[in-house]
Structures are given as structure tokens and as C-alpha cells.
Amino acid sequence: SDSGDAGNILIESPGMVSILGSAYVSTNTFDQGDAGDIRIDAYSTRIIGGWIESGTTNVGRGGVVEVRGHDLVIDQGGVMTADSTGVGGGFAGNILVNLGGSLTLLNDSRVSTMTADADGGNIELNVSGYQLLRDSSITTSVQGGTGNG
């Protein structure tokens, strides 16, 4: 059986990083390995309909998804997630957001950690400016079996 870990993704920009429409940034495993980490380090990050995901579908652990910078906007169903969907699977990863400015989630967007059958991940938001959440969600969950949300 395959047991390799997924690689890490680092995106750095002095300006804006935009993940638009059906675009996605993803590091996943589909067997025993751990998912990789994703870090975006930019002045401004926009996830407009796109996805950022670190996940596993078996016994591996989900990775950390981290966004650092001034502001983050997630809109039009955009998603930032760390998850583990396998039954008897590994822990979901964590989400870390560190911003010197604002966090905005609009129009069915979400920040979430989820696991099917293990401990759910943490979401940590450190935002110096305002936080706006409209018709969107920030959640951690465990869907069944054992584990803590």
C-alpha cells in the first residue's frame, strides 16, 4: 500500500494572491501518508470561489493551512479547509490566520476543519482589524465515531 506524505506548498508575494473561480491550492493524501502544509504569505489574499485544502482520505493526518498578511477576503463560496475524511482516519489539520488588517467572509464561504472519525482540527484567527462574516461559516466538526471537535 502507498504510505508517502504529500508535499508542502508555500506561496509568497509582497502584493496580492488571488485564487479565483474553480482554481484551487491543494495538498492531499489518499492512503496512509500525512497531508502537507499550505502557507500563503502575502499582503492581501483573495479566495473568490476557489479552494485551499489540506486533507487526507485515510489514516494520515491533515496538514496545516496558514494565511499571513494584512487582509484576507473569502467570497462567492470560497473555501479554506483542513480535513480527514477516512473512517478510522487521522486527525484533521489546523487552520491559522494571522492578519494585521481585516478578515472578510461573504456569500456562502467557509473556513472549516472536519474529520469523519478522529479529532477535529483547530481554527485560530488572529486579526488586528475588523472581522466581517456574512452568510458564511467558520466551523470545526467531527462527523461520527470517536474524536473531539
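As the structure is a computational prediction, the values presented were derived from the model and not from experiment.

Caption draft 1: Structural view of the overall build of the protein chain. Regarding its fold elements, the protein chain presents zero helices and 13 strands. Reading the protein chain from its N terminus to its C terminus gives the helix and strand order β-β-β-β-β-β-β-β-β-β-β-β-β. A principal-axis box enclosing the C-alpha atoms of the protein chain has dimensions of 45 × 25 × 25 Å. Buried positions account for 44% of the 149 residues belonging to the protein chain. Within the structure as shown, the protein chain displays about 6,900 Å² of accessible surface, and the carbon and sulfur contribution to it stands at 45%.

Caption draft 2: Layout of the pattern of salt bridges. This structure, assessed with the given rule, holds five salt bridges. Ionic pairing is found between Arg 39 and Glu 12, a salt bridge with its closest N-O pair at 3.9 Å. In this pair, Arg 39 is assigned in strand β3 (residues 38-48) and Glu 12 in strand β1 (residues 9-20), connecting sequence segments 27 residues apart. Using a relative accessible area of 27% as the deciding quantity, one classes Arg 39 as partly exposed.

Caption draft 3: Structural view of the nonpolar core. In this structure, Ile 40, Ile 47, Ile 52, Leu 72, Ile 74, Met 80 and Ile 95 are the most contacted members of the largest nonpolar core, which totals 21 residues. Contributions of two or more residues to this core are made by β1, β3, β5 (65-69), β6 (71-75), β7 (79-84), β8 (95-99) and β9 (103-106). Per element, the largest residue contribution to this core is four residues, and it comes from β3. Apart from residues no more than four positions distant in its own chain, Ile 40 is found in contact with Ile 11, Val 17, Ile 19, Thr 45, Ile 52, Glu 66, Val 67 and Arg 68.

Caption draft 4: Region of the structure containing the side chain of Thr 104. Relative to the assigned elements, Thr 104 resides in strand β9. For Thr 104, the residues in contact, after removing those within four places along its chain, are Leu 72, Val 73, Ile 74, Tyr 130 and Leu 132.

Caption draft 5: Just the environment of Thr 85, in detail. Along the chain, the position of Thr 85 falls in the loop between β7 and β8. With 43 residues separating them along the chain, Thr 85 and Ala 42 place their C-alpha atoms 30 Å apart. With residues near it in sequence (within four places) discarded, Thr 85 still touches Thr 56, Thr 57, Met 114 and Ala 116.

What counts as what
- Residues numbered from 1 in each chain as written.
- Predicted model: local features only at pLDDT ≥ 70, side-chain atom pairs only at ≥ 80, totals over all residues.
- Heavy atoms only, no water.
- Helix = DSSP H or I, 4+ residues; strand = E, 2+ residues; numbered from the N terminus.
- Buried < 20%, exposed > 50% of the residue type's maximum accessible area, 1.4 Å probe, protein only.
- Areas by Shrake-Rupley, 256 points an atom, 1.4 Å probe, with all protein chains shown as cover.
- Salt bridge = Lys/Arg side-chain N within 4 Å of Asp/Glu carboxyl O.
- Core = buried A, V, L, I, M, F, W, Y, C linked by side-chain atoms within 4.5 Å.
- Contact = heavy atoms within 4.5 Å.

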